[in-house]
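Close look at the chain arrangement
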Amino acid sequence: MAKESLADKIKRFNIAVDKNIGKNVSGAKRLKMFLDFTCEYKFHGAYLQDYFQYEFYKKKAVDRRNYVVFGKLLEMMRICNNPEHRYIFDQKPEFDKAFSDFLQRDWINMDNAEFEEFARFVQGKESFFAKDPAGMFGLGVKKISLGEVEDLQALYSDLKEHHMLCEQTLTQCREMAAFNDSSINTLRVVSLVKADGDVKIMGGLLRVGRKGRIADNFHHRGIAAYIDPETGIVCTTGVDKDNVRHIVHPDSGAQIVGFRVPIWDEVVETVKKAALVFPDMHYIGWDVVITDQYKVELVEGNPGADPDAEQITTKEGRWPYYKKYLDEIANA
(Lines give C-alpha, C1' and ligand atoms only; values in the text may rest on other atoms or scores of the structure.)
Protein backbone atom coordinates (compact mmCIF):
# COMPACT_ATOMS: atom_id res chain seq x y z
CA MET A 1 0.00 0.00 0.00
CA ALA A 2 1.41 3.38 -1.02
CA LYS A 3 2.15 5.81 1.80
CA GLU A 4 -0.46 8.54 2.05
CA SER A 5 0.83 11.92 0.90
CA LEU A 6 0.41 15.11 2.92
CA ALA A 7 -2.02 16.40 0.30
CA ASP A 8 -4.13 13.25 0.65
CA LYS A 9 -4.11 13.57 4.44
CA ILE A 10 -5.29 17.18 4.24
CA LYS A 11 -7.98 16.20 1.75
CA ARG A 12 -9.25 13.43 4.03
CA PHE A 13 -9.17 15.81 7.00
CA ASN A 14 -11.19 18.43 5.12
CA ILE A 15 -13.80 15.83 4.17
CA ALA A 16 -14.13 14.97 7.88
CA VAL A 17 -14.50 18.67 8.75
CA ASP A 18 -17.25 19.09 6.16
CA LYS A 19 -19.10 16.03 7.43
CA ASN A 20 -18.79 16.63 11.17
CA ILE A 21 -18.73 20.42 11.51
CA GLY A 22 -19.80 21.98 8.22
CA LYS A 23 -18.48 23.36 4.96
CA ASN A 24 -18.42 26.92 6.21
CA VAL A 25 -15.33 26.41 8.41
CA SER A 26 -12.68 28.92 7.36
CA GLY A 27 -9.33 27.94 5.89
CA ALA A 28 -7.44 29.41 8.86
CA LYS A 29 -9.51 27.41 11.34
CA ARG A 30 -9.06 24.25 9.28
CA LEU A 31 -5.29 24.71 9.34
CA LYS A 32 -5.30 25.24 13.10
CA MET A 33 -7.43 22.14 13.60
CA PHE A 34 -5.25 20.07 11.26
CA LEU A 35 -2.11 20.98 13.24
CA ASP A 36 -3.97 20.20 16.47
CA PHE A 37 -5.08 16.82 15.13
CA THR A 38 -1.54 16.05 13.93
CA CYS A 39 -0.23 16.59 17.47
CA GLU A 40 -2.99 14.40 18.93
CA TYR A 41 -2.16 11.65 16.46
CA LYS A 42 1.61 11.84 16.86
CA PHE A 43 1.83 12.20 20.63
CA HIS A 44 -1.39 10.68 21.98
CA GLY A 45 -2.51 8.05 19.46
CA ALA A 46 -5.78 9.74 18.44
CA TYR A 47 -6.91 8.77 14.96
CA LEU A 48 -9.00 10.96 12.68
CA GLN A 49 -12.22 9.23 13.71
CA ASP A 50 -11.35 9.73 17.39
CA TYR A 51 -10.70 13.43 16.86
CA PHE A 52 -14.11 14.07 15.34
CA GLN A 53 -16.42 11.57 17.03
CA TYR A 54 -15.25 12.73 20.48
CA GLU A 55 -15.26 16.38 19.35
CA PHE A 56 -11.67 16.97 20.42
CA TYR A 57 -11.77 20.26 18.52
CA LYS A 58 -14.06 21.51 21.32
CA LYS A 59 -12.19 19.94 24.25
CA LYS A 60 -9.25 20.96 26.40
CA ALA A 61 -6.19 18.70 26.53
CA VAL A 62 -7.00 17.57 30.08
CA ASP A 63 -10.39 16.26 28.95
CA ARG A 64 -9.01 14.61 25.82
CA ARG A 65 -6.64 12.48 27.91
CA ASN A 66 -9.63 10.76 29.52
CA TYR A 67 -10.69 9.16 26.22
CA VAL A 68 -9.73 5.70 25.04
CA VAL A 69 -8.50 6.69 21.58
CA PHE A 70 -7.21 4.08 19.16
CA GLY A 71 -3.65 4.27 20.46
CA LYS A 72 -4.84 3.62 24.01
CA LEU A 73 -7.04 0.76 22.80
CA LEU A 74 -3.95 -0.88 21.27
CA GLU A 75 -2.19 -0.41 24.62
CA MET A 76 -5.11 -2.03 26.46
CA MET A 77 -5.05 -5.01 24.10
CA ARG A 78 -1.26 -5.39 24.49
CA ILE A 79 -1.45 -5.35 28.29
CA CYS A 80 -4.60 -7.41 28.68
CA ASN A 81 -4.83 -10.07 26.01
CA ASN A 82 -2.61 -13.03 25.21
CA PRO A 83 -2.09 -12.95 21.42
CA GLU A 84 -1.90 -16.77 21.35
CA HIS A 85 -5.61 -16.95 22.25
CA ARG A 86 -6.77 -14.12 19.99
CA TYR A 87 -7.71 -16.52 17.17
CA ILE A 88 -10.42 -18.08 19.34
CA PHE A 89 -12.28 -14.78 19.37
CA ASP A 90 -11.40 -13.65 15.85
CA GLN A 91 -12.61 -16.85 14.18
CA LYS A 92 -16.30 -17.49 14.84
CA PRO A 93 -16.11 -21.31 14.47
CA GLU A 94 -13.35 -21.40 17.09
CA PHE A 95 -15.46 -19.24 19.40
CA ASP A 96 -18.54 -21.44 19.01
CA LYS A 97 -16.44 -24.51 19.80
CA ALA A 98 -14.66 -23.00 22.83
CA PHE A 99 -17.82 -21.47 24.33
CA SER A 100 -20.33 -24.16 23.39
CA ASP A 101 -21.57 -24.31 27.00
CA PHE A 102 -22.76 -20.71 26.66
CA LEU A 103 -24.65 -21.17 23.38
CA GLN A 104 -28.34 -21.97 22.94
CA ARG A 105 -28.09 -22.36 19.13
CA ASP A 106 -27.12 -25.06 16.63
CA TRP A 107 -24.19 -24.28 14.37
CA ILE A 108 -22.12 -25.92 11.67
CA ASN A 109 -18.74 -25.01 10.18
CA MET A 110 -19.05 -25.47 6.43
CA ASP A 111 -15.30 -25.99 6.04
CA ASN A 112 -15.56 -29.53 7.37
CA ALA A 113 -19.25 -30.32 6.86
CA GLU A 114 -20.52 -33.07 4.56
CA PHE A 115 -23.78 -32.52 2.70
CA GLU A 116 -25.63 -34.98 4.93
CA GLU A 117 -24.57 -33.02 8.03
CA PHE A 118 -25.72 -29.77 6.43
CA ALA A 119 -29.07 -31.34 5.50
CA ARG A 120 -29.59 -32.40 9.12
CA PHE A 121 -28.66 -28.89 10.31
CA VAL A 122 -31.33 -27.19 8.16
CA GLN A 123 -34.02 -29.79 8.83
CA GLY A 124 -36.99 -28.25 10.62
CA LYS A 125 -35.62 -24.71 10.39
CA GLU A 126 -37.32 -21.83 8.60
CA SER A 127 -34.08 -19.85 8.35
CA PHE A 128 -30.49 -19.61 9.52
CA PHE A 129 -27.63 -17.13 9.42
CA ALA A 130 -24.51 -17.59 7.29
CA LYS A 131 -21.52 -15.68 8.64
CA ASP A 132 -18.08 -14.84 7.38
CA PRO A 133 -15.90 -16.49 10.08
CA ALA A 134 -13.73 -13.37 10.37
CA GLY A 135 -16.47 -10.76 9.82
CA MET A 136 -16.62 -7.63 11.98
CA PHE A 137 -19.04 -4.78 12.76
CA GLY A 138 -22.07 -6.88 11.84
CA LEU A 139 -20.82 -7.22 8.26
CA GLY A 140 -20.43 -10.48 6.34
CA VAL A 141 -23.74 -11.82 7.70
CA LYS A 142 -26.72 -12.90 5.63
CA LYS A 143 -30.01 -14.51 6.58
CA ILE A 144 -31.00 -17.57 4.55
CA SER A 145 -34.74 -18.23 4.32
CA LEU A 146 -35.06 -21.92 3.55
CA GLY A 147 -38.51 -21.49 1.98
CA GLU A 148 -36.81 -19.60 -0.83
CA VAL A 149 -34.11 -22.24 -1.45
CA GLU A 150 -34.77 -24.30 -4.60
CA ASP A 151 -31.54 -26.31 -4.66
CA LEU A 152 -30.15 -27.33 -1.28
CA GLN A 153 -27.08 -28.96 -2.85
CA ALA A 154 -26.21 -25.71 -4.66
CA LEU A 155 -26.64 -23.73 -1.44
CA TYR A 156 -24.39 -26.20 0.37
CA SER A 157 -21.70 -25.87 -2.30
CA ASP A 158 -21.85 -22.07 -2.25
CA LEU A 159 -21.59 -21.84 1.54
CA LYS A 160 -18.75 -24.34 1.60
CA GLU A 161 -16.88 -22.50 -1.15
CA HIS A 162 -17.06 -19.29 0.89
CA HIS A 163 -16.03 -21.04 4.15
CA MET A 164 -19.14 -19.84 5.96
CA LEU A 165 -20.23 -20.55 9.51
CA CYS A 166 -23.94 -21.38 9.66
CA GLU A 167 -25.87 -20.74 12.84
CA GLN A 168 -29.43 -21.30 13.92
CA THR A 169 -31.47 -18.10 13.82
CA LEU A 170 -31.38 -16.47 17.21
CA THR A 171 -34.51 -15.62 19.12
CA GLN A 172 -35.02 -12.69 21.46
CA CYS A 173 -37.28 -11.85 24.36
CA ARG A 174 -40.34 -9.69 23.71
CA GLU A 175 -38.88 -6.66 25.54
CA MET A 176 -35.87 -6.55 23.20
CA ALA A 177 -37.93 -7.37 20.10
CA ALA A 178 -40.19 -4.39 20.85
CA PHE A 179 -37.45 -2.03 19.68
CA ASN A 180 -37.12 -3.57 16.22
CA ASP A 181 -38.23 -7.05 15.18
CA SER A 182 -36.26 -7.27 11.91
CA SER A 183 -32.97 -7.47 13.85
CA ILE A 184 -31.81 -9.47 16.84
CA ASN A 185 -31.14 -6.71 19.35
CA THR A 186 -28.17 -7.41 21.56
CA LEU A 187 -26.29 -6.26 24.62
CA ARG A 188 -22.58 -5.45 24.62
CA VAL A 189 -21.16 -6.28 28.06
CA VAL A 190 -17.50 -5.48 28.72
CA SER A 191 -15.58 -7.61 31.20
CA LEU A 192 -12.13 -7.16 32.69
CA VAL A 193 -10.35 -9.97 34.51
CA LYS A 194 -8.40 -8.06 37.14
CA ALA A 195 -4.89 -8.96 38.29
CA ASP A 196 -6.34 -10.80 41.33
CA GLY A 197 -8.53 -12.98 39.07
CA ASP A 198 -11.80 -11.26 39.95
CA VAL A 199 -14.01 -10.23 37.02
CA LYS A 200 -15.32 -6.68 36.86
CA ILE A 201 -18.08 -5.57 34.49
CA MET A 202 -16.79 -2.29 33.08
CA GLY A 203 -19.85 -1.23 31.13
CA GLY A 204 -22.73 -2.24 28.93
CA LEU A 205 -24.62 -1.14 25.85
CA LEU A 206 -28.12 -1.70 24.57
CA ARG A 207 -27.86 -2.11 20.79
CA VAL A 208 -30.95 -2.01 18.60
CA GLY A 209 -31.39 -2.12 14.84
CA ARG A 210 -33.45 0.02 12.49
CA LYS A 211 -36.58 -1.02 10.65
CA GLY A 212 -35.89 -3.56 7.89
CA ARG A 213 -32.26 -4.13 8.85
CA ILE A 214 -31.00 -7.46 10.20
CA ALA A 215 -28.02 -6.06 12.15
CA ASP A 216 -28.17 -3.97 15.31
CA ASN A 217 -24.51 -2.99 15.27
CA PHE A 218 -23.60 0.65 15.93
CA HIS A 219 -21.35 0.55 12.86
CA HIS A 220 -24.20 -0.90 10.77
CA ARG A 221 -26.60 2.03 11.27
CA GLY A 222 -27.89 0.74 14.60
CA ILE A 223 -28.55 2.69 17.80
CA ALA A 224 -26.59 2.28 21.03
CA ALA A 225 -27.36 3.44 24.58
CA TYR A 226 -25.33 3.00 27.76
CA ILE A 227 -26.44 0.54 30.44
CA ASP A 228 -25.55 1.14 34.09
CA PRO A 229 -23.66 -2.10 34.87
CA GLU A 230 -24.86 -2.07 38.48
CA THR A 231 -28.59 -1.89 37.75
CA GLY A 232 -29.06 -2.96 34.12
CA ILE A 233 -30.99 0.24 33.40
CA VAL A 234 -30.31 2.33 30.29
CA CYS A 235 -29.13 5.70 31.59
CA THR A 236 -28.39 7.66 28.39
CA THR A 237 -30.21 8.50 25.21
CA GLY A 238 -29.64 6.24 22.24
CA VAL A 239 -27.11 7.45 19.68
CA ASP A 240 -26.54 6.47 16.07
CA LYS A 241 -23.43 6.80 13.90
CA ASP A 242 -24.61 10.23 12.69
CA ASN A 243 -24.59 11.36 16.35
CA VAL A 244 -28.38 11.75 16.39
CA ARG A 245 -29.76 11.14 19.87
CA HIS A 246 -32.97 9.22 20.54
CA ILE A 247 -35.11 9.11 23.68
CA VAL A 248 -37.37 6.56 22.00
CA HIS A 249 -36.71 4.28 19.05
CA PRO A 250 -37.37 6.34 15.90
CA ASP A 251 -39.23 3.53 14.14
CA SER A 252 -41.11 1.63 16.86
CA GLY A 253 -41.43 4.33 19.51
CA ALA A 254 -40.18 1.94 22.20
CA GLN A 255 -38.66 3.81 25.16
CA ILE A 256 -34.85 3.71 25.22
CA VAL A 257 -34.01 5.95 28.19
CA GLY A 258 -34.84 4.12 31.42
CA PHE A 259 -35.27 0.71 29.77
CA ARG A 260 -34.56 -2.06 32.28
CA VAL A 261 -32.75 -5.02 30.72
CA PRO A 262 -34.52 -8.29 31.60
CA ILE A 263 -32.61 -10.84 33.74
CA TRP A 264 -29.62 -8.48 33.97
CA ASP A 265 -28.18 -10.32 36.98
CA GLU A 266 -28.09 -13.54 34.94
CA VAL A 267 -26.43 -11.68 32.05
CA VAL A 268 -23.69 -10.45 34.39
CA GLU A 269 -23.23 -13.88 35.97
CA THR A 270 -22.92 -15.56 32.55
CA VAL A 271 -20.41 -13.02 31.26
CA LYS A 272 -18.27 -13.36 34.39
CA LYS A 273 -18.16 -17.14 33.96
CA ALA A 274 -17.30 -16.82 30.27
CA ALA A 275 -14.52 -14.34 31.05
CA LEU A 276 -12.74 -16.97 33.14
CA VAL A 277 -12.63 -19.59 30.36
CA PHE A 278 -9.53 -17.80 29.06
CA PRO A 279 -8.48 -15.55 31.97
CA ASP A 280 -5.37 -14.39 30.11
CA MET A 281 -7.77 -12.62 27.74
CA HIS A 282 -8.46 -9.97 30.37
CA TYR A 283 -10.40 -7.50 28.22
CA ILE A 284 -13.41 -8.74 26.23
CA GLY A 285 -16.55 -7.11 24.90
CA TRP A 286 -19.26 -9.79 24.85
CA ASP A 287 -22.26 -9.65 22.53
CA VAL A 288 -25.21 -11.15 24.37
CA VAL A 289 -28.77 -12.11 23.43
CA ILE A 290 -31.64 -12.77 25.80
CA THR A 291 -33.63 -15.51 24.05
CA ASP A 292 -37.40 -15.87 23.85
CA GLN A 293 -37.07 -18.41 26.66
CA TYR A 294 -35.25 -15.81 28.77
CA LYS A 295 -31.93 -17.60 28.63
CA VAL A 296 -28.61 -15.81 28.23
CA GLU A 297 -26.77 -16.61 25.01
CA LEU A 298 -23.31 -15.44 23.94
CA VAL A 299 -23.10 -14.37 20.31
CA GLU A 300 -19.38 -13.57 20.25
CA GLY A 301 -16.53 -12.08 22.24
CA ASN A 302 -14.44 -9.17 21.01
CA PRO A 303 -10.87 -8.84 22.38
CA GLY A 304 -10.44 -5.50 20.59
CA ALA A 305 -13.80 -4.04 21.59
CA ASP A 306 -13.70 -0.31 20.87
CA PRO A 307 -15.40 1.64 23.67
CA ASP A 308 -16.37 4.33 21.16
CA ALA A 309 -20.12 3.82 21.59
CA GLU A 310 -19.75 3.90 25.38
CA GLN A 311 -17.82 7.16 25.22
CA ILE A 312 -20.19 8.74 22.68
CA THR A 313 -23.36 7.79 24.57
CA THR A 314 -22.05 8.92 27.97
CA LYS A 315 -20.08 11.91 26.59
CA GLU A 316 -17.35 10.77 28.95
CA GLY A 317 -13.89 9.28 28.41
CA ARG A 318 -13.51 5.78 29.83
CA TRP A 319 -9.72 5.72 30.28
CA PRO A 320 -9.72 6.63 34.02
CA TYR A 321 -12.00 3.64 34.72
CA TYR A 322 -9.46 1.28 33.17
CA LYS A 323 -6.06 2.71 34.00
CA LYS A 324 -5.61 1.46 37.58
CA TYR A 325 -6.62 -2.07 36.58
CA LEU A 326 -4.31 -2.00 33.57
CA ASP A 327 -1.38 -0.94 35.76
CA GLU A 328 -2.09 -3.84 38.11
CA ILE A 329 -2.33 -6.35 35.24
CA ALA A 330 0.87 -5.04 33.65
CA ASN A 331 2.76 -5.37 36.95
CA ALA A 332 1.33 -8.77 37.95
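Cut-off values and rules
Residues numbered from 1 in each chain as written. Predicted model: local features only at pLDDT ≥ 70, side-chain atom pairs only at ≥ 80, totals over all residues. Heavy atoms only, no water. Helix = DSSP H or I, 4+ residues; strand = E, 2+ residues; numbered from the N terminus. Buried < 20%, exposed > 50% of the residue type's maximum accessible area, 1.4 Å probe, protein only. Pairing = 2+ DSSP bridges. Axes fitted to C-alpha atoms, helices over the stretch in contact; angles between N-to-C directions. Parallel < 35°, antiparallel > 145°, perpendicular 65-115°, else oblique. Contact = heavy atoms within 4.5 Å. Nonpolar A, V, L, I, M, F, W, Y, C, P; charged D, E, K, R; others polar. Phe/Tyr/Trp six-rings, centres within 6.5 Å; stacked < 30°, edge-to-face > 60°. Patch = residues over 30% accessible without salt bridge, like charges linked within 9 Å, V, L, I, M, F, W, Y side chains within 5 Å. Areas by Shrake-Rupley, 256 points an atom, 1.4 Å probe, with all protein chains shown as cover. Salt bridge = Lys/Arg side-chain N within 4 Å of Asp/Glu carboxyl O. Core = buried A, V, L, I, M, F, W, Y, C linked by side-chain atoms within 4.5 Å.

1. Observations concerning unusual backbone geometry
- Phi at I263 takes a positive value of approximately 40°, unusual for a residue other than glycine.
- Mapped onto the fold, I263 is located in the loop between β9 (245-246) and α11 (264-275).
- Classification of I263 by relative accessible area gives partly exposed; the value is 23%.
- A positive phi angle, close to 55°, is found at K315, a residue other than glycine.

2. Here we look at the pairing of strand β11 (residues 296-302)
- Burial analysis of β11 places 7 of its 7 residues in the buried class, the great majority of the element.
- Two strands pair when backbone bridges link them, and strand β10 (residues 283-290) and β11 are joined in this way by 6 bridges, in the antiparallel orientation. Along β11, the bridge assignment pairs G285 with N302.
- Taking the residues between adjacent antiparallel strands as the criterion, β10 and β11 are bridged by 5 residues, where Y294 takes a positive phi near 60°.

3. What to know about the sheet that holds strand β3 (residues 141-145)
- Taken in spatial order, the 4 strands line up as β1-β4-β2-β3 in an open sheet, and their pairing is antiparallel. What marks the edges here is a single partner per strand, and that holds for β1 (107-109) and β3. The average angle at which neighbouring strand axes cross in this sheet is 20°, direction not considered.

4. Focus on the packing of helix α8 (residues 115-122) against helix α9 (residues 152-161)
- Direction vectors running N to C along α8 and α9 enclose 110°, while the axes themselves pass 11 Å from each other. Put simply, α8 runs roughly perpendicular to α9. Taking contact as the criterion, the partners of F115, F118, A119 and V122 in α8 are, on α9, L152, Q153, L155, Y156 and L159.
- Classifying every residue of the contact of α8 with α9 gives 8 nonpolar, 1 polar and no charged.

5. Thoughts on the packing of aromatic side chains
- Inspection of the entire model under this criterion finds 30 aromatic pairs.
- Between F13 and F52 the ring centres are 5.5 Å apart and the planes differ by 50°, which places this aromatic pair in the tilted class. With F13 in helix α1 (residues 6-20) and F52 in helix α3 (residues 48-53), this residue pair connects regions lying 39 residues apart in the sequence. For the pair shown, F13 and F52 are each scored as buried.
- Here F179 and F259 contribute two aromatic rings whose centre-to-centre distance is 5.0 Å and whose plane-to-plane angle is 80°, an arrangement assigned as edge-to-face. Within this pair, whereas F179 is found in the loop between α10 (174-177) and β5 (186-193), its partner F259 is found in the loop between β9 and α11, the two being separated by 80 residues in sequence.
- Under the relative-accessibility criterion, F259 is labelled buried at 12%.
- Of the aromatic side chains, those joined through ring pairs into one cluster are F13, F34, F37, Y41, Y47, Y51, F52, Y54, F56, Y57, Y67 and F70.

6. Topic: a nonpolar patch on the surface
- On the surface, Y41, Y47, F70 and L74 cluster together into a nonpolar patch covering about 370 Å² of accessible area.
- Relative to the assigned elements, L74 resides in helix α5 (residues 70-80).

7. Observations regarding the nonpolar core
- F89, F99, L187, L206, W286, V288 and L298 are the most contacted members of the largest nonpolar core, which has 38 residues in total.
- Among the secondary structure elements, those contributing two or more residues to this core are α6 (86-90), β5, β6 (199-208), β7 (223-227), α11, β10 and β11.
- Residue contributions to this core peak at 6 residues, all from α11.
- The contact partners of L298, leaving out residues within four places of it in the chain, are F95, F99, F102, L103, R105, T270, A274, W286, D287 and V288.
- The next biggest cluster of nonpolar side chains, apart from the first, holds 22 residues, and it includes V17, V25, Y226 and V239.

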